[in-house]
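# A closer look at the structure
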Amino acid sequence: MQIVNQPVRKKDAMQLVTGQPVYMDDMIPEDCLIVKLLRSPHANAVVQEIQTDKAMKVPGIEAIYTWKDIDQNGRRFTCAGQTYPEPSPYDRLILDRHVRFVGDPVAIVAGETEKAVDRAISMIKVQYEVLEPILDYHKALDNPILVHPEDNWEALCPVGADNKRNLCAHEASEHGDIDQVLSDCDIIIDQVYHTKACQQTMMETMRTYCSIDTYGRLNVFSSTQIVFHCRRIIANALHIPKSQVRVSKPRIGGGFGTKQTAVCEVYPAYVTWMTKKPSKIIFTREECMTASSPRHEMEMHVKLGAMKDGTIRGIDLYTISNTGAYGEHGPTTVGLSGHKSIPLYGKAEAFRFVYDVVYTNVMSSGAYRGYGATQGLFAIETAVNELAEKLHMDPMKLREMNIVKEGQVMPAFYGETNTSCALDRCIAKVKEMSHWDENYPVRELGHGKVRALGMGLAMQGSCISGLDVGSAALKLNDEGFYIMRIAAADMGTGCDTILAQIAAEVLECPLDKVIVFGADTDASPYDSGSYASSTTYVTGKATELCARKLRDKICLVGAKMLGCDEKEVEFDGDKVIYRGEKTLEKTEVSLFDIATASMAGNSIALEETVTMSQPTSPPPFMAGVADVEVDLLTGQAKVIDYYTAVDCGTPVNPNLARVQAEGGILQGIGMALMENITYDAKGRLYENSLMQYKIPTREDIGHIHVEFESSYEKSGPFGAKSIGEVVINTPLSAIAHAIYNATGHRFRELPIMPEQIAMCEENPMWKK
């Protein structure tokens, strides 16, 4: 391969490093209305009266909208960026008289300047009937306090939802007789694990600009991962035809899943639709922290049964997930907590996986890299580490005995077959990289400090099989360059570059001859969007097939120009060459001339569009080892080295794959050691800025070492699988394992804070 599997520079690298205007707020007119939201100070309340007359007199105020402007009995919608019909329930209104968390919108204010809008918001008077909130997700199910008592709540899919029970989703699945298998096991690990919600904290906050075009349509320019889903969400929210909405995206300054939920788009869309004037909304960092869509808090009860020789025979998992005030992604994230963790252990004879997703009066959760697998893998992998300790067995050896192998059917992974797998080589690689045999489990450093190793495995998927749709359109242009239209969103992942590499490999042209355009609902072919790790695998395969079809058309036109049959020619990227036995006046024609000829007297369109959906979702795999230094006196824990080996099939761009791995691992370290969302007794969030909500910086870690152990996935483009999500999933269990080896205390809740380490009873410092 000449371009695929090569570390080429990202297409937009120079624009980014030189600070060129590529983000939304750089590219829109200045003279638009500023939109801001008045938010509820109560976790559960009904607006009794709202007075806006004085606020409307503020100079420069264009409009103020409240629940009185929204049909409270109209059809609700969901902000979840999912394929229709969405599994997430329709439980939102643009403005609802019943507010359900601290930060829920109460009024939309639009004005000519930010100063005028801020002043108007301060002058709005609201009287609330304050209701008792339900904040404890353990008590939410079948509680008399209902988060969604309304009759126009609606579930489009059979996900086990019931708003009159505070139930957003419920499901049970199993294979084999799990109760019988567990009863026959020598050892049972029976523990409960808890991961708190955490924020995506992307650099660019949520933001959207709206205008009315020449034809009276609503044009939405938004930092979103999901242009086509966003169009549907906005149309549903405003109760207008989808044909009246166009959504396009600029460069996105990070998303990590949060921009798979249309958190902000409906508000300026409503303002512009009503006033016919351009408007924009830009969330503050505080709004992103208090009224966005963080990772779901989950509690997982694991029963893991094994024999004395280490054979894992059965896994029983119950997950309860806190979706918060609204159900975006509630029914879908929870499934991955079991379906992307249990299948790691291929020798298990039986499994059971049951989950409940409950509504509470806190900020609603949504999509975040790893999408539920992160939580489930922390639980399952920590349970396996506990099993190894109980058996006095090396956790590496225990996993080598039990992991899923290539060719095995995975009942817990929707019955799919493991078609490509280098997990055994990943384990061997991190064992070598970390000098496991010499350094495990712990080394004394003196002065109350120790270094300890811990490990974890992970798997994910490469798409939502049978559902996600990826598309690519390619067109040959003047002088022989190509335009590629896509609707996948590059949010720093480099997918524009990756997809261009795939096209260039097939078309045998330099990368700079493939110009990427996307994403725009009016111009791009349909694509589900950038989520579920599907872009490289699904859209990449569509790109490969599209490029091959365009090659065939180029050969067809070239053969016509040469006066021969298309089966008698070849295309080498620069020219079509005659390989037949006849004597022709010309034996080759350049791509330049083919492109020129296609614009005069031609009836063959030199363009192609391919849309596809993959029937399977081959998992990428990962093994990770954390080398953690712990100060037993202060409780400070720092990852000095993190070693990982990833099987993502063929890395299309090794440099970008490495950056993906490093970034995901860093986020996992943050989730394990510092990122925390906590509420007071009234449902108010404590961590409302990056002063309180700590994320890891470069100074908080030592070195991240990434290697690739590649399998070859036949169904993927040039053998590729996904990498975007799997990479966040091993640090949680690996760090918790290392801290156990350092302190002797098993932490089953994340994050693990310094005071917890310093004060745990098993801490060796206490024994001194």
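The shown structure was predicted, so the numbers you read here are calculated from the model rather than taken from an experiment. (Residues numbered from 1 in each chain as written. Predicted model: local features only at pLDDT ≥ 70, side-chain atom pairs only at ≥ 80, totals over all residues. Heavy atoms only, no water.)

All right, on to the overall build of the protein then. From N to C terminus, the protein includes 19 helices and 30 strands. Here the C-alpha atoms of the protein give a radius of gyration of 27 Å, agreeing with the 27 Å that 2.2 N^0.38 yields for 768 residues. Classification of the 768 residues of the protein by burial places 63% in the buried group. Sequence separation of 24 or more characterises 79% of the internal contacts of the protein that already satisfy a separation of 6 or more. Approximately 28,500 Å² of the protein is accessible, and the part contributed by carbon and sulfur atoms is 50%. Once the 77 positive and 100 negative side-chain charges of the protein are each reduced to a mean point, those two points are 2 Å apart. (Helix = DSSP H or I, 4+ residues; strand = E, 2+ residues; numbered from the N terminus. Rg over C-alpha atoms; globule rule 2.2 N^0.38 Å. Buried < 20%, exposed > 50% of the residue type's maximum accessible area, 1.4 Å probe, protein only. Contact = heavy atoms within 4.5 Å. Areas by Shrake-Rupley, 256 points an atom, 1.4 Å probe, with all protein chains shown as cover. Lys, Arg positive; Asp, Glu negative; His and termini not counted. Charge placed at Lys NZ, Arg CZ, Asp CG, Glu CD.)

Our focus in this paragraph is the layout of surface pockets. In this structure, the second largest pocket encloses a volume near 750 Å³. Taken together, 30 residues make up the lining of the second largest pocket; nearest its centre are T332, L336, Y414, I464 and L467. Top element by residues in the lining of the second largest pocket is helix α8 (residues 330-339). It accounts for five residues. When grouped by side-chain class, the residues that make up the lining of the second largest pocket number 16 nonpolar, 11 polar and three charged. (1 Å grid on protein atoms, 1.4 Å probe; cavity = no way out; pocket = protein on both sides within 12 Å on 5 of 7 lines; lining within 4 Å. Points joined across faces, edges and corners; volume = space filled by probe spheres on them. Nonpolar A, V, L, I, M, F, W, Y, C, P; charged D, E, K, R; others polar.)

Our focus in this paragraph is the domain arrangement of the protein. Entries for the protein in the domain assignment read domain 1 (18-131 + 206-282), domain 2 (298-415 + 423-462 + 618-759) and domain 3 (465-613). Taken residue by residue, the interface counts 21 residues in domain 1 and 22 residues in domain 2. Both sides together, the interface formed by domain 1 and domain 2 hides about 1,600 Å², and carbon and sulfur atoms give 53% of it. A per-residue breakdown of the area domain 1 buries against domain 2 is headed by R100, F101 and F256, which together make up 31% of the total. At the surface where domain 1 touches domain 2, the tally comes to one salt bridge. The partner of E328 in a salt bridge is R92, with the nearest N and O atoms 2.5 Å apart. At the junction of domain 1 with domain 2, the criterion picks out 14 residue pairs in polar contact (both at pLDDT 80 or more). Taken together, the residues that form the side of domain 1 that touches domain 2 break down as eight nonpolar, nine polar and four charged. (Domains from an automatic or database assignment. Buried area = accessible area lost by both parts, 1.4 Å probe. Salt bridge = Lys/Arg side-chain N within 4 Å of Asp/Glu carboxyl O. Polar contact = N/O pair within 3.5 Å; in protein donor to acceptor, adjacent residues only side chain to side chain.)

Turning our eyes to something else, we now look at the UniProt feature "domain: Aldehyde oxidase/xanthine dehydrogenase a/b hammerhead" (unreviewed entry) in the protein. The UniProt entry lists residues 18-132 under the feature "domain: Aldehyde oxidase/xanthine dehydrogenase a/b hammerhead" (unreviewed entry), expressed in the numbering used here. Helix makes up 12% of residues 18-132 and strand 30%, whereas the separation of the span's terminal C-alpha atoms amounts to 52 Å. (UniProt positions renumbered as here; feature names shortened; annotations may be inferred.)

This next bit is on the packing of helix α13 (residues 495-507) against helix α14 (residues 535-562). Where α13 contacts α14, the two axes come as close as 8 Å, and the packing angle between them is 30°. Here α13 lies roughly parallel to α14, going by the angle between them. Classified by chirality, the crossing of α14 by α13 is right-handed. Only T535, T536, T539, G540, T543, E544, A547, R548 and R551 of α14 make contact with α13, whose side of the interface consists of C495, I498, L499, I502, A503, V506 and L507. Considered class by class, the residues forming the contact of α13 with α14 number eight nonpolar, five polar and three charged. (Axes fitted to C-alpha atoms, helices over the stretch in contact; angles between N-to-C directions. Parallel < 35°, antiparallel > 145°, perpendicular 65-115°, else oblique. Left-handed = near helix turned anticlockwise from the far one by under 90°.)

What follows is about the sheet that holds strand β28 (residues 637-647). One open sheet holds the five strands; their spatial order is β18-β19-β27-β28-β29, and the pairing between them is mixed. Both edges of this open sheet fall to β18 (442-446) and β29 (701-708), since each of them pairs with a single strand only. Averaged over all adjacent pairs, the angle separating strand axes in this sheet is 15°, with direction ignored. Relative to β29, β28 runs parallel, the two sharing seven bridges. Bridging from a neighbouring strand, Y642 pairs with I704 of β29. Packing of helix α11 (residues 423-433) onto the sheet brings it into contact with β19 (449-459), β27 (621-631), β28 and β29, and relative to β28 it is tilted by some 145°. Sheet strands touched by helix α16 (residues 654-673): β27, β28 and β29. Its angle to β29, the strand with the most contacts, is close to 135°. (Pairing = 2+ DSSP bridges.)

Here we take up the sheet that holds strand β2 (residues 45-51). Spatially, β4-β2-β6 is the arrangement adopted by the three strands of the open sheet, whose pairing is antiparallel. Of all the strands in the sheet, just β4 (98-99) and β6 (125-130) have a single pairing partner and so form its edges. Bridge count between β2 and β4: two bridges; the pairing is antiparallel. Paired with V46 across the bridge in β4 is H98.

So, about the environment of Q199. Within the secondary structure, Q199 is located in the loop between β8 (187-195) and β9 (207-212). In sequence terms Q199 and I695 are 496 residues apart; their C-alpha atoms lie 9.2 Å from each other. The residues contacting Q199, other than those within four sequence positions of it, are C288, M289, S292, P294, M363, Y368, E675, I677 and Y693.

The next point concerns the side chain of D96. Mapping D96 onto the fold places it in the loop between β3 (61-65) and β4. For D96, a relative accessible area of 9% gives the class buried. Of the polar contacts made by the side chain of D96, one reaches the side chain of R76; its length is 2.8 Å. A distance of 2.9 Å separates polar atoms of two side chains, one belonging to D96 and the other to R100.

Take the pairing of β27 next. Of all the 11 residues making up β27, 10 are buried; the element is thus mostly covered by neighbouring parts of the structure. Where β19 meets β27, 11 bridges bridge the pair, whose relative direction is antiparallel. Within β27, the residue paired with G456 across the bridge is G624. Where β27 and β28 come together, 10 bridges link them in antiparallel fashion. Bridge pairing in β28 links V628 to V639. Count of turn residues in the β27/β28 antiparallel hairpin: five residues, of which G635 carries a positive phi of about 85°.

Using the criterion set out here, one finds five cavities of 30 Å³ or more in the structure. Here the largest cavity defines a volume of roughly 140 Å³. The wall of the largest cavity is formed by 18 residues, among which R92, F101, V263, Y267 and A291 lie closest to the centre. Counting only elements with at least two residues in the lining of the largest cavity, the list comes to β1 (33-39) and α6 (266-275). Counted by class, the lining of the largest cavity contains 11 nonpolar, three polar and four charged residues. Empty space within the second largest cavity amounts to approximately 50 Å³. Considering the residues around the second largest cavity, the lining is formed by R92, L93, I94, L95, D96, D104, P105, Y267 and Y326. Along the lines of polarity and charge, the residues of the lining of the second largest cavity split into six nonpolar, no polar and three charged.

Here the focus is the packing of helix α9 (residues 373-391) against helix α17 (residues 731-743). Contact pair α9 / α17: the axes reach a minimum separation of 8 Å and the direction vectors enclose 35°. In this structure, α9 meets α17 at a crossing whose hand is right-handed. Facing α9, whose interface residues are T374, L377, F378, E381, T382, N385 and E389, α17 presents L732, S733, A736, H737 and Y740. When the residues that make up the contact of α9 with α17 are grouped by side-chain class, the tally is five nonpolar, five polar and two charged.

Turning our eyes to something else, we now look at the nonpolar core. The tendency in soluble globular proteins is for nonpolar side chains to be buried side by side. Within the largest apolar cluster, 121 residues are counted, with the highest numbers of intra-cluster contacts made by L304, L387, L423, L457, V630, I735 and I739. No other element matches the 10 residues that α9 contributes to this core. Not counting the four nearest positions on each side in its chain, I739 is found in contact with V630, A637, L673, G744, H745, F747, I752 and I757. I498, V576, I594 and I604 belong to the second largest nonpolar core, which has 46 residues in total. (Core = buried A, V, L, I, M, F, W, Y, C linked by side-chain atoms within 4.5 Å.)

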